[in-house]
Amino acid sequence: MENILNTIADYARARVAEKKKLLSLTEIKAAALSMDRETGFPFEKALMGDDIGFICECKRASPSRGLIAPDFPYLELAKAYERAGAACISVLTEPKWFLGRDTYLKEIAASVSLPCLRKDFTVDEYMIYEAKTLGASAVLLICSLLDQETIGRYLELCHGLGLSALVEVHSENEIFDALEAGARVIGVNNRNLQDFTVDLHNSETLRKLVPEHVLFVAESGIKTANDIHVLRRTGVNGVLIGETLMRASDKTAKLAELRGIP
(Lines give C-alpha, C1' and ligand atoms only; values in the text may rest on other atoms or scores of the structure.)
Protein backbone atom coordinates (compact mmCIF):
# COMPACT_ATOMS: atom_id res chain seq x y z
CA MET A 1 0.00 0.00 0.00
CA GLU A 2 2.88 2.38 0.72
CA ASN A 3 3.94 1.99 -2.91
CA ILE A 4 0.35 2.58 -4.01
CA LEU A 5 0.15 5.64 -1.76
CA ASN A 6 3.33 7.06 -3.27
CA THR A 7 2.13 6.23 -6.78
CA ILE A 8 -1.15 8.04 -6.14
CA ALA A 9 0.80 11.01 -4.75
CA ASP A 10 3.04 11.09 -7.81
CA TYR A 11 -0.04 11.10 -10.01
CA ALA A 12 -1.49 13.95 -7.93
CA ARG A 13 1.65 15.99 -8.62
CA ALA A 14 1.28 15.30 -12.31
CA ARG A 15 -2.39 16.33 -12.15
CA VAL A 16 -1.45 19.62 -10.50
CA ALA A 17 1.22 20.28 -13.11
CA GLU A 18 -1.37 19.87 -15.86
CA LYS A 19 -3.88 22.07 -14.05
CA LYS A 20 -1.32 24.85 -13.68
CA LYS A 21 -1.06 24.99 -17.46
CA LEU A 22 -4.76 25.86 -17.63
CA LEU A 23 -4.98 28.03 -14.51
CA SER A 24 -1.79 29.24 -12.86
CA LEU A 25 -1.06 29.18 -9.14
CA THR A 26 -1.35 32.98 -9.12
CA GLU A 27 -4.79 32.79 -10.69
CA ILE A 28 -6.18 30.03 -8.45
CA LYS A 29 -4.76 31.81 -5.39
CA ALA A 30 -6.45 35.07 -6.40
CA ALA A 31 -9.74 33.26 -6.91
CA ALA A 32 -9.53 31.61 -3.47
CA LEU A 33 -8.54 34.82 -1.72
CA SER A 34 -11.50 36.64 -3.25
CA MET A 35 -13.88 34.31 -1.42
CA ASP A 36 -15.19 34.60 2.14
CA ARG A 37 -12.47 33.61 4.59
CA GLU A 38 -14.49 34.34 7.75
CA THR A 39 -16.20 30.96 7.64
CA GLY A 40 -16.24 30.07 11.32
CA PHE A 41 -14.75 26.67 10.38
CA PRO A 42 -18.03 24.74 10.02
CA PHE A 43 -16.28 21.37 9.58
CA GLU A 44 -14.80 21.62 13.06
CA LYS A 45 -18.01 22.96 14.58
CA ALA A 46 -19.92 20.00 13.15
CA LEU A 47 -17.67 17.62 15.11
CA MET A 48 -18.08 19.41 18.43
CA GLY A 49 -21.46 17.91 19.35
CA ASP A 50 -22.25 15.81 22.40
CA ASP A 51 -22.18 12.60 20.37
CA ILE A 52 -20.05 11.27 17.54
CA GLY A 53 -20.39 13.18 14.28
CA PHE A 54 -20.68 11.11 11.12
CA ILE A 55 -18.60 12.17 8.13
CA CYS A 56 -20.34 10.30 5.33
CA GLU A 57 -18.41 9.64 2.17
CA CYS A 58 -19.30 9.89 -1.49
CA LYS A 59 -16.89 7.36 -2.96
CA ARG A 60 -17.27 5.55 -6.25
CA ALA A 61 -14.21 3.28 -6.04
CA SER A 62 -11.04 2.57 -4.07
CA PRO A 63 -7.73 0.76 -4.69
CA SER A 64 -8.54 -1.89 -2.09
CA ARG A 65 -12.17 -2.56 -3.10
CA GLY A 66 -12.29 -1.61 -6.76
CA LEU A 67 -15.58 -0.29 -8.11
CA ILE A 68 -18.00 0.25 -5.22
CA ALA A 69 -20.79 2.17 -6.94
CA PRO A 70 -21.29 1.45 -10.66
CA ASP A 71 -24.22 3.87 -10.54
CA PHE A 72 -23.14 7.02 -8.74
CA PRO A 73 -25.97 9.55 -8.28
CA TYR A 74 -23.71 11.68 -6.12
CA LEU A 75 -26.12 14.56 -5.56
CA GLU A 76 -28.90 12.21 -4.46
CA LEU A 77 -26.38 10.44 -2.25
CA ALA A 78 -25.22 13.64 -0.57
CA LYS A 79 -28.80 14.79 0.01
CA ALA A 80 -29.66 11.38 1.48
CA TYR A 81 -26.75 11.74 3.91
CA GLU A 82 -27.98 15.19 4.86
CA ARG A 83 -31.51 13.91 5.53
CA ALA A 84 -30.08 11.02 7.54
CA GLY A 85 -28.33 13.37 9.95
CA ALA A 86 -24.73 13.36 8.76
CA ALA A 87 -22.46 15.98 10.33
CA CYS A 88 -20.26 16.40 7.23
CA ILE A 89 -19.81 14.94 3.78
CA SER A 90 -16.52 13.64 2.41
CA VAL A 91 -16.16 13.82 -1.36
CA LEU A 92 -13.47 11.92 -3.28
CA THR A 93 -11.97 13.99 -6.07
CA GLU A 94 -9.01 11.71 -6.97
CA PRO A 95 -9.84 10.59 -10.53
CA LYS A 96 -7.74 7.53 -11.31
CA TRP A 97 -8.00 5.11 -8.38
CA PHE A 98 -11.13 6.50 -6.71
CA LEU A 99 -12.91 7.67 -9.89
CA GLY A 100 -13.59 11.03 -8.29
CA ARG A 101 -14.07 14.40 -9.96
CA ASP A 102 -13.72 18.00 -8.84
CA THR A 103 -17.22 18.64 -10.17
CA TYR A 104 -18.65 16.15 -7.66
CA LEU A 105 -17.38 18.34 -4.83
CA LYS A 106 -18.41 21.61 -6.42
CA GLU A 107 -21.96 20.45 -7.10
CA ILE A 108 -22.42 18.70 -3.75
CA ALA A 109 -21.11 21.69 -1.78
CA ALA A 110 -23.59 23.91 -3.64
CA SER A 111 -26.50 21.52 -3.07
CA VAL A 112 -26.30 20.71 0.66
CA SER A 113 -25.89 22.79 3.79
CA LEU A 114 -23.36 20.44 5.38
CA PRO A 115 -19.61 21.19 5.41
CA CYS A 116 -17.71 19.16 2.81
CA LEU A 117 -14.29 17.58 3.10
CA ARG A 118 -12.26 17.40 -0.10
CA LYS A 119 -10.86 13.87 0.09
CA ASP A 120 -7.78 13.87 -2.10
CA PHE A 121 -4.02 13.52 -1.84
CA THR A 122 -2.87 17.06 -1.10
CA VAL A 123 0.70 17.38 -2.36
CA ASP A 124 0.78 21.02 -3.45
CA GLU A 125 -0.59 24.30 -2.08
CA TYR A 126 -2.41 24.65 -5.40
CA MET A 127 -4.81 21.93 -4.26
CA ILE A 128 -5.69 23.87 -1.11
CA TYR A 129 -6.57 27.03 -3.03
CA GLU A 130 -8.46 24.86 -5.49
CA ALA A 131 -10.44 23.16 -2.69
CA LYS A 132 -11.55 26.60 -1.52
CA THR A 133 -12.83 27.53 -4.98
CA LEU A 134 -14.68 24.21 -5.24
CA GLY A 135 -16.66 24.95 -2.08
CA ALA A 136 -14.86 22.68 0.39
CA SER A 137 -14.88 23.43 4.10
CA ALA A 138 -11.93 21.14 4.80
CA VAL A 139 -9.05 19.34 3.09
CA LEU A 140 -7.15 16.15 3.86
CA LEU A 141 -3.45 16.28 4.78
CA ILE A 142 -1.75 12.89 5.04
CA CYS A 143 1.29 12.67 7.33
CA SER A 144 2.69 9.74 5.34
CA LEU A 145 3.07 12.08 2.35
CA LEU A 146 4.10 15.36 3.99
CA ASP A 147 6.85 16.28 6.41
CA GLN A 148 6.11 18.23 9.57
CA GLU A 149 7.26 21.57 8.15
CA THR A 150 5.03 21.19 5.10
CA ILE A 151 2.04 20.16 7.23
CA GLY A 152 2.54 23.24 9.39
CA ARG A 153 2.74 25.47 6.33
CA TYR A 154 -0.34 23.91 4.75
CA LEU A 155 -2.27 24.23 8.02
CA GLU A 156 -1.46 27.92 8.19
CA LEU A 157 -2.61 28.32 4.59
CA CYS A 158 -5.85 26.42 5.26
CA HIS A 159 -6.72 28.39 8.35
CA GLY A 160 -6.02 31.66 6.56
CA LEU A 161 -8.56 30.67 3.91
CA GLY A 162 -11.16 29.66 6.47
CA LEU A 163 -10.63 25.97 5.72
CA SER A 164 -10.19 23.20 8.25
CA ALA A 165 -7.69 20.38 7.72
CA LEU A 166 -8.16 16.75 8.66
CA VAL A 167 -4.59 15.61 9.36
CA GLU A 168 -4.44 11.86 8.82
CA VAL A 169 -2.03 9.75 10.88
CA HIS A 170 -1.27 6.06 11.22
CA SER A 171 1.27 5.88 14.07
CA GLU A 172 2.45 7.46 17.32
CA ASN A 173 5.25 9.35 15.58
CA GLU A 174 2.79 10.83 13.08
CA ILE A 175 0.53 11.89 15.96
CA PHE A 176 3.40 13.84 17.46
CA ASP A 177 4.26 15.39 14.07
CA ALA A 178 0.65 16.44 13.54
CA LEU A 179 0.37 17.99 17.00
CA GLU A 180 3.69 19.78 16.64
CA ALA A 181 2.56 21.17 13.29
CA GLY A 182 -0.55 22.61 14.91
CA ALA A 183 -3.29 20.21 13.80
CA ARG A 184 -6.75 21.00 15.20
CA VAL A 185 -8.37 17.87 13.73
CA ILE A 186 -6.53 14.54 13.67
CA GLY A 187 -7.84 11.49 11.84
CA VAL A 188 -6.54 8.02 12.57
CA ASN A 189 -6.72 5.62 9.67
CA ASN A 190 -7.42 2.16 11.07
CA ARG A 191 -6.25 0.56 7.82
CA ASN A 192 -2.71 -0.76 7.86
CA LEU A 193 -0.95 0.79 4.86
CA GLN A 194 1.22 -2.28 4.42
CA ASP A 195 -1.37 -5.04 4.10
CA PHE A 196 -4.84 -3.41 4.04
CA THR A 197 -5.87 -5.02 7.35
CA VAL A 198 -8.12 -2.94 9.61
CA ASP A 199 -7.82 -2.68 13.38
CA LEU A 200 -10.13 -0.36 15.33
CA HIS A 201 -7.79 -0.66 18.30
CA ASN A 202 -5.52 1.71 16.38
CA SER A 203 -7.97 4.52 17.12
CA GLU A 204 -8.34 3.42 20.74
CA THR A 205 -4.60 3.37 21.28
CA LEU A 206 -3.77 6.64 19.54
CA ARG A 207 -6.71 8.55 21.05
CA LYS A 208 -4.85 8.56 24.37
CA LEU A 209 -2.02 10.57 22.81
CA VAL A 210 -4.21 13.40 21.54
CA PRO A 211 -5.24 16.26 23.88
CA GLU A 212 -8.95 16.73 24.48
CA HIS A 213 -8.99 20.13 22.74
CA VAL A 214 -7.88 18.52 19.46
CA LEU A 215 -10.74 16.92 17.55
CA PHE A 216 -10.26 13.21 16.86
CA VAL A 217 -11.72 11.31 13.90
CA ALA A 218 -11.61 7.54 13.34
CA GLU A 219 -11.37 6.42 9.71
CA SER A 220 -11.74 3.10 7.86
CA GLY A 221 -13.23 -0.25 8.74
CA ILE A 222 -16.19 1.05 10.76
CA LYS A 223 -19.09 -1.26 9.95
CA THR A 224 -21.34 -1.92 12.95
CA ALA A 225 -23.12 -0.23 15.84
CA ASN A 226 -20.72 -2.06 18.14
CA ASP A 227 -17.78 -0.43 16.34
CA ILE A 228 -19.38 2.96 17.01
CA HIS A 229 -20.02 1.98 20.64
CA VAL A 230 -16.34 1.14 21.10
CA LEU A 231 -15.24 4.41 19.50
CA ARG A 232 -17.82 6.43 21.47
CA ARG A 233 -16.43 4.95 24.68
CA THR A 234 -12.94 5.85 23.47
CA GLY A 235 -13.86 9.52 23.22
CA VAL A 236 -13.82 9.90 19.44
CA ASN A 237 -15.40 13.11 18.09
CA GLY A 238 -16.14 11.87 14.59
CA VAL A 239 -16.09 8.85 12.33
CA LEU A 240 -15.49 8.83 8.59
CA ILE A 241 -17.52 6.08 6.94
CA GLY A 242 -17.38 5.25 3.25
CA GLU A 243 -17.99 1.77 1.91
CA THR A 244 -20.40 0.70 4.66
CA LEU A 245 -22.78 3.52 3.75
CA MET A 246 -22.10 3.39 0.02
CA ARG A 247 -23.27 -0.23 -0.08
CA ALA A 248 -26.38 0.40 2.04
CA SER A 249 -29.61 0.74 0.06
CA ASP A 250 -31.24 2.83 2.81
CA LYS A 251 -28.75 5.44 4.05
CA THR A 252 -31.06 6.78 6.77
CA ALA A 253 -31.73 3.33 8.21
CA LYS A 254 -28.05 2.38 8.07
CA LEU A 255 -26.94 5.57 9.80
CA ALA A 256 -29.58 5.05 12.51
CA GLU A 257 -28.40 1.46 12.92
CA LEU A 258 -24.78 2.58 13.30
CA ARG A 259 -25.80 5.15 15.88
CA GLY A 260 -27.49 2.40 17.86
CA ILE A 261 -31.01 3.72 17.32
CA PRO A 262 -33.60 0.90 17.12
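Now for a description of the structure that goes with this document. (Residues numbered from 1 in each chain as written. Predicted model: local features only at pLDDT ≥ 70, side-chain atom pairs only at ≥ 80, totals over all residues. Heavy atoms only, no water.)

**Overview of the overall build of the protein chain**
Okay, step 1: Along the protein chain, the regular secondary structure elements total 12 helices and 10 strands.
Okay, step 2: The C-alpha radius of gyration of the protein chain comes to 17 Å, within 12% of the 18 Å expected for a compact globule of 262 residues.
Okay, step 3: Seen along its three principal axes, the alpha-carbon backbone of the protein chain occupies a region of about 50 × 40 × 40 Å.
Okay, step 4: As presented, the protein chain carries roughly 11500 Å² of accessible surface, and 49% of it is formed by carbon and sulfur atoms. (Helix = DSSP H or I, 4+ residues; strand = E, 2+ residues; numbered from the N terminus. Rg over C-alpha atoms; globule rule 2.2 N^0.38 Å. Areas by Shrake-Rupley, 256 points an atom, 1.4 Å probe, with all protein chains shown as cover.)

**Brief notes about the pattern of salt bridges**
Okay, step 1: Evaluated as defined, the whole model comprises 18 salt bridges.
Okay, step 2: A salt bridge links Asp-10 to Arg-13, with the nearest nitrogen and oxygen atoms 2.8 Å apart. Highlighted residues: Asp-10 and Arg-13, both in helix α1 (residues 2-22), separated by three residues, approximately one helical turn.
Okay, step 3: With a relative accessible area of 49%, Asp-10 lands in the partly exposed category.
Okay, step 4: Residues Arg-15 and Asp-120 are paired through a salt bridge, measuring 2.8 Å at the closest nitrogen-oxygen approach. Note that Arg-15 is positioned in helix α1 and Asp-120 in the loop between β5 (116-119) and α6 (125-134), a separation of 105 residues in sequence.
Okay, step 5: Relative accessible area serves as the criterion here: at 10%, Arg-15 is assigned to the buried category.
Okay, step 6: Sharing partners across several salt bridges, the network here consists of Arg-15, Lys-19, Asp-102, Arg-118, Asp-120 and Glu-130. (Salt bridge = Lys/Arg side-chain N within 4 Å of Asp/Glu carboxyl O. Buried < 20%, exposed > 50% of the residue type's maximum accessible area, 1.4 Å probe, protein only.)

**Some points on the side chain of Asp-120**
Okay, step 1: For Asp-120, a relative accessible area of 1% translates into the label buried.
Okay, step 2: Setting aside residues no more than four positions away along its own chain, Asp-120 makes contact with Arg-15, Thr-93, Glu-94, Met-127 and Leu-140. (Contact = heavy atoms within 4.5 Å.)

**Remarks on the packing of aromatic side chains**
Okay, step 1: Applying the stated rule across the entire model yields five aromatic pairs.
Okay, step 2: Between Phe-72 and Tyr-74, the aromatic rings sit 6.1 Å apart at their centres with planes inclined by 35 degrees, giving tilted as the arrangement.
Okay, step 3: Judged by relative accessible area, which is 16%, Tyr-74 ranks as buried.
Okay, step 4: Ring centres of Tyr-74 and Tyr-104 lie 4.4 Å apart, and the angle between their planes is 45 degrees; on these two criteria the pair is classed as tilted. Residue Tyr-74 is located in helix α4 (residues 74-84), and its partner Tyr-104 is located in helix α5 (residues 102-111); the two are separated by 30 residues in the primary sequence. Side by side, Tyr-74 and Tyr-104 carry an identical accessibility label, which is buried.
Okay, step 5: Members of the aromatic cluster, each reached through a chain of ring pairs, are Phe-72, Tyr-74 and Tyr-104. (Phe/Tyr/Trp six-rings, centres within 6.5 Å; stacked < 30°, edge-to-face > 60°.)

**What about the sheet that holds β5?**
Okay, step 1: One closed barrel holds the eight strands; their spatial order is β1-β4-β5-β6-β7-β8-β9-β10, and the pairing between them is parallel. For this sheet, the mean angle separating the axes of adjacent strands, direction not counted, is 25 degrees.
Okay, step 2: In this fold α4 packs onto β1 (53-58) and β4 (88-92), with an angle of close to 170 degrees to the strand it touches most, β1. (Pairing = 2+ DSSP bridges. Axes fitted to C-alpha atoms, helices over the stretch in contact; angles between N-to-C directions.)

**Some thoughts on the pairing of strand β7 (residues 164-169)**
Okay, step 1: Burial of β7 is extensive: six of the six residues sit out of reach of the surface.
Okay, step 2: Side-chain alternation along β7 places Ser-164, Leu-166 and Glu-168 on one buried face and Ala-165, Val-167 and Val-169 on a second face that is also buried.
Okay, step 3: Relative to β7, strand β6 (residues 138-142) runs parallel, the two being bridged by five bridges. Looking at β7, one finds that Val-139 is bridged to Ala-165.

**Here we look at unusual backbone geometry**
Most peptide bonds take the trans form, and the phi angle of most residues other than glycine is negative.
Okay, step 1: Of note, the phi angle at Leu-99 is positive, near 55 degrees, even though the residue is not glycine.
Okay, step 2: Inspection of the secondary structure puts Leu-99 in the loop between β4 and α5.
Okay, step 3: Given a relative accessible area of 35%, Leu-99 falls into the partly exposed group.

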